[in-house]
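The residues making up each chain are set out below.
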Amino acid sequence: MTSAEFDLLRTFCERPGRVLSRDSLLDLTQGRNAGSFERSIDVLVSRIRRKIETDPQDATMIKTVRSGGYMFTPRVEPIRVEAVTAASN
């Protein structure tokens, strides 16, 4: 997974169940100064779907919301810092 794909997937995981416009995804992942285009988000979503979806043509984890953007549908549970620290020891 590329760093751009990871950043986008992390952004989705931090905001599950929310419709995120392409514009807001660009802001959240690359900032306004990146000079990216909204279509670059579509390409990244397509690449992520190929990697995480059972059937990328019938996506269930990252849904396209017509005239809205994208929504990450899986339930996401935050992990406690203590759990991460204990697991790494």
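Residues numbered from 1 in each chain as written. Predicted model: local features only at pLDDT ≥ 70, side-chain atom pairs only at ≥ 80, totals over all residues. Heavy atoms only, no water.

### What about the packing of aromatic side chains?
- On inspection of all chains with the given rule, the structure shows one aromatic pair.
- A centroid spacing of 6.1 Å and a plane angle of 20 degrees characterise the contact between F12 and F72, whose relative ring orientation is stacked. Highlighted residues: F12 in helix α1 (residues 3-14) and F72 in strand β3 (residues 69-72), separated in sequence by 60 residues.
- Relative accessible area serves as the criterion here: at 0%, F12 is assigned to the buried category.
- With relative accessibility at 4%, the residue F72 sits in the buried group. (Phe/Tyr/Trp six-rings, centres within 6.5 Å; stacked < 30°, edge-to-face > 60°. Helix = DSSP H or I, 4+ residues; strand = E, 2+ residues; numbered from the N terminus. Buried < 20%, exposed > 50% of the residue type's maximum accessible area, 1.4 Å probe, protein only.)

### A word on helix α3 (residues 38-52)
- Taking 1.5 Å per residue as the helical rise, α3 with its 15 residues ought to reach 21 Å, and the 22 Å between its terminal C-alpha atoms agrees with that figure.
- Those residues of α3 that fall on the buried side of the exposure criterion are I41, D42, L44, V45, I48 and R49. Looking straight down α3, one finds that the buried residues subtend no more than 165 degrees of arc, so they occupy a single side. Projecting away from the buried face of α3 at angles above 90 degrees are the exposed residues R39 and R50.
- Elements that come into contact with the buried residues of α3 comprise α1, α2 (22-29), β2 (62-65) and β3. (Expected span 1.5 Å × (residues − 1). Arc of directions from axis to C-beta. Contact = heavy atoms within 4.5 Å.)

### Digging into unusual backbone geometry
- Even without being glycine, S67 reaches a positive phi, approximately 60 degrees.
- Its location among the elements puts S67 in the loop between β2 and β3.
- Taking the relative accessible area as the measure of exposure, S67 reaches 83% and is therefore exposed.

### A word on the side chain of T11
- By the secondary structure assignment, T11 is in helix α1.
- Judged by relative accessible area, T11 falls into the buried class, the value being 4%.
- Leave out the neighbours within four places in its chain, and T11 touches L25, L28 and T29.

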